[in-house]
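Analysis of the macromolecular model
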Amino acid sequence: MAHALDIRSGRPRLSVVSHLRSALFGALGLALATGGLTAGLPHMAQAATPEACAALQAKYPDLKGKTLVNAINPHTPGYETIDPKDPTNYIGFDIDLGEAIGDCLGFKLTYKAVTFASLLTTLQAGQADIVISDIYATKDRAKAADFITYLKVYDGVLVAKGNPKKITGIDTSLCGAVAAENTGYVEVPLIQALEPACKAAGKPAPEILLFDNNANCIQAILAGRADTYINDVNTVDGAVKAYPDKLEKATAVTLPYSVGIAVPRNNVPFRDAVMSALGELQKSGVQAELMKKWNLPADQLETPKLVLAD
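Criteria and cut-off values
Residues numbered from 1 in each chain as written. Predicted model: local features only at pLDDT ≥ 70, side-chain atom pairs only at ≥ 80, totals over all residues. Heavy atoms only, no water. Salt bridge = Lys/Arg side-chain N within 4 Å of Asp/Glu carboxyl O. Helix = DSSP H or I, 4+ residues; strand = E, 2+ residues; numbered from the N terminus. Buried < 20%, exposed > 50% of the residue type's maximum accessible area, 1.4 Å probe, protein only. Expected span 1.5 Å × (residues − 1). Disulfide = S-S within 2.5 Å. Pairing = 2+ DSSP bridges.

**Looking at the pattern of salt bridges**
- Under the defined criterion, the tally for this structure stands at 8 salt bridges.
- With a shortest N-O distance of 3.0 Å, Lys139 and Asp310 are connected by a salt bridge. Taken as a pair, Lys139 in the loop between strand E6 (131-137) and strand E7 (146-160) and Asp310 in the segment after strand E12 (306-307) lie far apart in primary sequence, 171 residues in all.
- Using a relative accessible area of 45% as the deciding quantity, one classes Lys139 as partly exposed.

**A look at helix H4 (residues 93-105)**
- Along its 13 residues, H4 runs 18 Å from first to last C-alpha, staying within 8% of the 18 Å computed at 1.5 Å per residue.
- Looking one or two places after H4, you find Gly106, whose phi comes out positive at around 90°.

**Some thoughts on the state of the cysteines**
- According to the stated counting rule, one finds 2 disulfides in the structure shown.
- One disulfide in the model links Cys53 with Cys104; its S-S distance is 2.0 Å. Where Cys53 bonds to Cys104 through sulfur, the torsion about that S-S bond is close to -100°, and the disulfide is left-handed. Of the two residues, Cys53 is situated in helix H3 (residues 50-59) and Cys104 in helix H4; the sequence distance between them amounts to 51 residues. Grouping residues by exposure puts Cys53 and Cys104 together as buried.
- Covalent S-S linkage joins Cys175 and Cys198, the inter-sulfur distance amounting to 1.9 Å. Its S-S torsion of approximately -90° makes the covalent link between Cys175 and Cys198 left-handed. Of the two residues, Cys175 is situated in the loop between E7 and strand E8 (178-182) and Cys198 in helix H7 (residues 195-200); the sequence distance between them amounts to 23 residues.
- Judged by its relative accessible area of 13%, Cys175 is buried.
- Numbered by order of appearance in the sequence, the disulfide-linked cysteines of the protein chain pair as 1-2, 3-4.

**Points about the pairing of strand E11 (residues 247-263)**
- Two strands pair when backbone bridges link them, and E6 and E11 are joined in this way by 4 bridges, in the antiparallel orientation. Bridge assignment links Tyr136 to a residue of E11, and that residue is Val259.
- Note: E7 against E11, 13 bridges, orientation antiparallel. What sits directly across from Ala160, in E11, is Leu247.

**Some words on the sheet that holds strand E3 (residues 80-83)**
- If you trace the 3 strands from one edge of the open sheet to the other, you get E2-E3-E4, paired in antiparallel fashion. With partners counted over all chains shown, the strands left at the sheet margins are strand E2 (75-76) and strand E4 (86-91), one partner each.
- Relative to E4, E3 runs antiparallel, the two sharing 3 bridges. Bridge assignment links Thr81 to a residue of E4, and that residue is Ile91.

So, in structure tokens, the structure goes:
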């Protein structure tokens, strides 16, 4: 496990505790002790599943007291982004979930911000210990990391208001259109694979503009440089909410992937520990509460499974 220094300090977040206090602690008849940041999140997951987390810490003692590095691409509002109130902080569902996992296993997290395309290479290089950053778990990506899934994948198709190109999904309606996408995203090869069908229909292949973050993809549509951006449906819905007069969601599509936590390949004890903690957080309702907090659809929750290279 690598313990690289991070450019930003990870800190417990009181927002998680305040949101879950009535749902979790109230149900258990527990009182949340006051005492500042150190008395906040580090007790949240244990209060929800005290026996299970205590047993996991006993089973995986090497993790307790450690500080691990989570590589993230902090440009996906709702999942991981820079806190607008404190630029030294990161906020989002993935941030809260990762810290709850760490709390259950007894470790803390710091963060290393990188481009999306660098997430797995950062992990492989030993500059990070884990990746929890809205990354789709695919067999191809599993060549670089083992994945533990936690969310189902639904993509939205973002277009300019009125959908002038009449785009209907990842299909031949994209022929001749310009798609803004993130480097390394699974949508890129799916769009590229349309070229034969477009050629057969006598139409030009889709053009792809590559960027390093969601914000630039969205801006490409606003600036008229791109016709669509296909990505996680919650990201697309957030863009429509931010620019209701300029953007809309043409449709939603289901992709054959899941969102996963990436860990170093073949580090079975660490992989098993994270998967076990995630399972306990799901059983106790912590993940569901965090999804509700960050406006993620309840039916997007997925029971953890492994995605490994063949």
